Amino acid sequence: MSKDISNLELPLQKVIDLGEIDRWLREILPMMPRHQTEGSTPEREMRMTGYEVTHHDFNTHTMAYGAGTLIESADIEKMVGFRRLITACSQANMRVDVSMLGHGAIEVAFNPDETFSRSRIFGASYANVLPVMFGLKNGAKK
């Protein structure tokens, strides 16, 4: 009987990690950056000219998980959180790169200065994919 339980351990860890990854993808969606022109004002830039500003990369998010090699990109592509993330970036016409790091981690990197067609999702280029334009409000950047 102990053999049966040990056989369940790895698939169970995969299911737990898939749930954690889906939750994490849904949580980083509100952290999606806006285009830089939206928050920049001439007054703010004038006040900042006298200070040395260290730039941090707040657009890259990484999550490690325990299942390691058990989780494949196809598993993540089926998740609701993943589809919502891709749809939101497509509607905003913003580049997003999603990659699986070799040591059991996933990385999502937003780039608001580039278009969605420059995105790379698990190594696949989105150069021939047109961004989704339906559902945008009037005056949205196209």
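These numbers were taken from a predicted model, which means no experiment stands behind them.

Asker: Lay out unusual backbone geometry with the relevant residues and their values.
Answerer: Its identity is not glycine, yet N93 carries a phi of approximately 55°, on the positive side. As for its position among the elements, N93 is in the loop between α5 (80-91) and β2 (95-101). Under the relative-accessibility criterion, N93 is labelled buried at 11%. Even without a glycine there, the phi angle at F122 is positive, about 50°.

Asker: If you had to explain the environment of I21 to someone new, which residues and values would you point to?
Answerer: Its location among the elements puts I21 in helix α1 (residues 2-28). The class of I21 is buried, set by a relative accessible area of 0%. Separated by 43 residues in the primary sequence, I21 and A64 have C-alpha atoms spaced 8.9 Å apart. Setting aside chain neighbours within four positions, we find I21 in contact with M63, Y65, I71, I76 and M79.

Asker: So what's going on with the pairing of β2? Residues and values would help.
Answerer: Where β2 and strand β3 (residues 105-111) come together, seven bridges link them in antiparallel fashion. Within β3, the residue paired with M100 across the bridge is I106. Counting the residues in the hairpin turn of β2 and β3 gives three residues, including G104, whose phi is positive at 80°. Sheet topology note: the β2/strand β4 (residues 120-121) ladder contains two bridges and is parallel. Its bridge partner being in β4, D97 is matched across the sheet by R120.

Asker: So what's going on with the packing of aromatic side chains? Residues and values would help.
Answerer: The final tally for this structure, using the stated rule, is two aromatic pairs. Between F82 and F122 the ring centres are 5.9 Å apart and the planes differ by 25°, which places this aromatic pair in the stacked class. With a gap of 40 residues between them, F82 in helix α5 and F122 in the loop between β4 and β5 (124-125) connect regions that are remote in the sequence. Each ring, one from F116 and one from Y126, has its centre 5.6 Å from the other, and the planes form 90°; the classification is edge-to-face. With F116 in the loop between β3 and β4 and Y126 in the segment after β5, this residue pair connects regions lying 10 residues apart in the sequence. Each member of the pair, F116 as well as Y126, carries the same accessibility label: buried.

Cut-offs used in this document
- Residues numbered from 1 in each chain as written.
- Predicted model: local features only at pLDDT ≥ 70, side-chain atom pairs only at ≥ 80, totals over all residues.
- Heavy atoms only, no water.
- Helix = DSSP H or I, 4+ residues; strand = E, 2+ residues; numbered from the N terminus.
- Buried < 20%, exposed > 50% of the residue type's maximum accessible area, 1.4 Å probe, protein only.
- Contact = heavy atoms within 4.5 Å.
- Pairing = 2+ DSSP bridges.
- Phe/Tyr/Trp six-rings, centres within 6.5 Å; stacked < 30°, edge-to-face > 60°.

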